[in-house]
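Analysis of the macromolecular model
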Amino acid sequence: MALKAGIVGLPNVGKSTLFNCLSSAKAQAANFPFCTIDAQLGQITVPDERLNKLAELIHPDRIVPATCDIVDIAGLVKGASKGEGLGNQFLGNIRETDAIIHVLRCFDNDNIVHVDGSVNPVRDKEIIDLELQFKDLDTVENRIKRVEKQARVGGDKQAKLEYDVLMKFKEALEAGKSARTVVFDTDDEQQIAKNLFLLTSKPVLYVCNVDDTSAANGNKYVEAVREAIKDENAELLIISAQTEADIAELESYEEKQMFLEDMGLKESGCDRLIKAIYHLLNLQTYITAGVMEVRAWTFRRGWKAPQCAGVIHTDFEKGFIRAEVIKYEDYINYGSEAAVKEAGKMSVEGKEYVVQDGDIMHFRFNV
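Residues numbered from 1 in each chain as written. Predicted model: local features only at pLDDT ≥ 70, side-chain atom pairs only at ≥ 80, totals over all residues. Heavy atoms only, no water.

1. Description of unusual backbone geometry
Positive phi, normally seen in glycine, also occurs at F197, with a value near 55 degrees. Within the fold, F197 resides in the loop between α6 (187-195) and β6 (204-209). (Helix = DSSP H or I, 4+ residues; strand = E, 2+ residues; numbered from the N terminus.)

This is the structure we're talking about:
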């Protein structure tokens, strides 16, 4: 399944540096606003050591990890919702993403100009939040004008339901709250809310970009951000984008690990970021394993076997018969598919089976 996360933030907070670390695509990084004029797209691989462990046993022709598209969106500024600073283009880029990675500057450096003259990540967050909220409020109010008459006079139940959803969003947005803070009780309400594609309804990961001495434990700026988002349905991650850039230049895995250990870190910020995006979007991975390839496939937590089969090909879902499932731990313990079967550890599952993270799957289908 195609997934896309967008990196946003004010100019000069480290978005492009972070993007360059994450992706093989290289966005220009320089010390002035609007260096990145076009949204730049790259593809990142999802780190998964299970693939390597399986490959050691199977010796496949290739390993294919899961991937996620990532977009470096040029820096937003005050007035973006009204078109300031190429605002309409930037907001359009955000609308196309599944999740937002909001980069906040949490470091002091007199040599890197801040667009507002001082370091204050909470203020920066609020600037972008407001611009996105203004745009969403405009979307909601325009939609209300279209359905209000039908909802109040026409007796249209669907219009009345949509109107109620819109009014809940309007109330929250006018109070300076993002759409993601509004909770709906019924499936119908949730579907209407989803179909509005509001910018502030997207899941958000706040990335605090710190100096290298704060990469392990954060600093006063990080704590201020943590306090500011405590009531949001959002996550926070601490990364030193410049440190990640230094790590990316190292050639060997051993050198990178030594660097991380010296920094007091167990894994790179890039790996932690990618995993955080997966968690944010409620995603998991199942695996297909054979001599041709060991491959990871992305699915949403809670999906059943036919839906997961459809990730490979729609015909697999349409003609689904059954799934043969091996737990990852069993495959590693017994050393081969044949040994797992002989031990009676392979299960045959039907349409109601809820696929688990790390399941090794083989689908039977007929079209």
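2. Notes on the pattern of salt bridges
Summed over all chains, the structure comprises 16 salt bridges. Ionic pairing is found between K168 and E189, a salt bridge with its closest N-O pair at 3.7 Å. Of the two residues, K168 is situated in helix α5 (residues 157-174) and E189 in helix α6; the sequence distance between them amounts to 21 residues. Residue classification places K168 among the partly exposed residues on the basis of a relative accessible area of 35%. Classification of E189 by relative accessible area gives buried; the value is 10%. Of the charged contacts in the structure, one is a salt bridge between E352 and K304, with a shortest N-O distance of 2.5 Å. Taken as a pair, E352 in the loop between β11 (347-349) and β12 (360-365) and K304 in the loop between β9 (293-300) and α11 (305-312) lie far apart in primary sequence, 48 residues in all. (Salt bridge = Lys/Arg side-chain N within 4 Å of Asp/Glu carboxyl O. Buried < 20%, exposed > 50% of the residue type's maximum accessible area, 1.4 Å probe, protein only.)

3. Brief notes about the layout of surface pockets
Roughly 1100 Å³ of volume is contained in the largest pocket. Along its surface, the largest pocket is lined by 30 residues, and D98, K194, S201, K202 and P203 are the ones closest to its centre. Listed by contribution, the elements that provide at least two residues to the lining of the largest pocket are α6 and α10 (269-280). When residues of the lining of the largest pocket are assigned to their parent elements, the largest contribution, 6 residues, is made by α6. Looking at the lining of the largest pocket, its residues break down into 13 nonpolar, 8 polar and 9 charged. Space inside the second largest pocket adds up to approximately 860 Å³. Among the elements of the structure, α1 (15-22), β2 (40-45), α2 (49-58), α8 (241-249), α9 (253-263) and α10 are those that each provide at least two residues to the lining of the second largest pocket. Residues that form the lining of the second largest pocket fall into these classes: 14 nonpolar, 7 polar and 9 charged. (1 Å grid on protein atoms, 1.4 Å probe; cavity = no way out; pocket = protein on both sides within 12 Å on 5 of 7 lines; lining within 4 Å. Points joined across faces, edges and corners; volume = space filled by probe spheres on them. Nonpolar A, V, L, I, M, F, W, Y, C, P; charged D, E, K, R; others polar.)

4. Observations concerning the nonpolar core
Of all hydrophobic cores here, the largest spans 65 residues; its most connected members are L22, I101 and L273. A per-element tally of this core places α10 first, with 7 residues. If near-sequence neighbours (up to four positions away) are discounted, I101 is found in contact with A5, G6, I7, V8, I70, L205, V207, L273 and I277. (Core = buried A, V, L, I, M, F, W, Y, C linked by side-chain atoms within 4.5 Å. Contact = heavy atoms within 4.5 Å.)

5. Re the sheet that holds strand β4 (residues 67-72)
An order of β2-β4-β1-β5-β6-β7 is seen for the 6 strands of this open sheet, with the pairing classed as mixed. Two strands close off the open sheet at either side, each with one partner strand: β2 and β7 (235-239). This sheet shows a mean twist of 25 degrees between the axes of neighbouring strands, independent of strand direction. Pairing between β2 and β4: 6 bridges, direction antiparallel. In the strand pairing of β4, Q40 is matched with D72. (Pairing = 2+ DSSP bridges. Axes fitted to C-alpha atoms, helices over the stretch in contact; angles between N-to-C directions.)

6. Overview of empty space enclosed by the protein
In this structure the tally under the stated criterion is 1 cavity of 30 Å³ or more. Computed from the structure, the largest cavity encloses a volume of approximately 60 Å³. Secondary structure elements with two or more residues in the lining of the largest cavity: β5 (99-105), α4 (121-154) and β6. Of the residues forming the lining of the largest cavity, the biggest block, 3 residues, is contributed by α4.

7. Re the environment of E56
Positionally, E56 belongs in helix α2. Linking E56 and I332, residues 276 residues apart in sequence, is a C-alpha distance of 9.9 Å.

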